[in-house]
Amino acid sequence: MKLSKTKYERVDAISKILGLILLAVGIDNVSKGNYFIALALFGLGGLISIVPMFIEVETSV
């Protein structure tokens with residue numbers, strides 16, 4: 001997938017924010033004793049956070 005630099009920065013920022021939100025919800029679930037839900041949320045947050053690594057940025061030459 002190729003995106004322009006501005007769209008890439010937007011996707012990168014959104015993925016980092018969603019990853020942090022899922023991390024916070026996962027920590028909340030750990031404190032309540034829902035360990036499997038917390039583990040799933042940690043994994044999902046990690047996957048969402050690395051999505052921008054697989055996106056190419058278009059360069060205008």
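Keep in mind that what you see is a predicted model, and the values were worked out from it rather than measured.

### Structural notes on the environment of Lys 5
Here Lys 5 lies in helix α1 (residues 5–32). Taking the C-alpha atoms as reference points, Lys 5 and Glu 56, separated by 51 residues in sequence, lie 9.2 Å from one another.

### Re the environment of Gly 45
Position of Gly 45 relative to the elements: it lies in helix α2 (residues 35–49). We classify Gly 45 as buried; its relative accessible area is 5%. Not counting residues up to four positions away in its chain, the partners in contact with Gly 45 are Gly 19 and Leu 22.

### A closer look at the confidence of the model for the protein
Parts of the prediction with low pLDDT should not have their coordinates interpreted in detail. Counting all residues, the mean pLDDT for the protein is 91, and 98% of those residues have values of 70 or more. When mean pLDDT is taken per element in the protein, α2 scores highest with 94 and strand β1 (residues 2–3) scores lowest with 88.

### Points about the pattern of salt bridges
One pass over the full model with this rule turns up 3 salt bridges. For Lys 5, the salt bridge identified is with Glu 9, shortest N-O distance 3.7 Å. You can see Lys 5 and its partner Glu 9 sitting in helix α1, 4 residues apart, about one turn around the helix. Owing to a relative accessible area of 55%, Lys 5 belongs among the exposed residues under this scheme. Residue classification places Glu 9 among the partly exposed residues on the basis of a relative accessible area of 43%. The residue Asp 12 makes a salt bridge to Lys 16 at a minimum N-O spacing of 3.4 Å. Residue Asp 12 and its partner Lys 16 are both found in helix α1; the two are separated by 4 residues, about one turn of the helix.

What counts and how
- Within each chain, residues carry numbers counting from 1 in the order of the written sequence.
- For this predicted model, a pLDDT threshold of at least 70 governs which residues receive local features, and a threshold of 80 or more governs which side-chain atom pairs are given and counted, while totals over whole chains, interfaces and linings are taken from all residues.
- Each side-chain value is derived from all of the structure's non-hydrogen atoms; neither hydrogens nor water enter the calculation.
- Numbering of helices and strands starts at the N terminus; helices are DSSP runs of H or I of at least 4 residues and strands are runs of E of at least 2.
- The buried label goes to any residue with under 20% of its type's maximum accessible area, the exposed label to any with over 50%, and the partly exposed label to all in between, with areas taken from a 1.4 Å probe on protein chains only.
- By the convention used here, residues are in contact when the closest approach between their heavy atoms is within 4.5 Å.
- pLDDT gives the predictor's per-residue confidence on a scale running from 0 to 100.
- Salt bridges are identified by distance alone: a Lys or Arg side-chain nitrogen within 4 Å of an Asp or Glu carboxyl oxygen.

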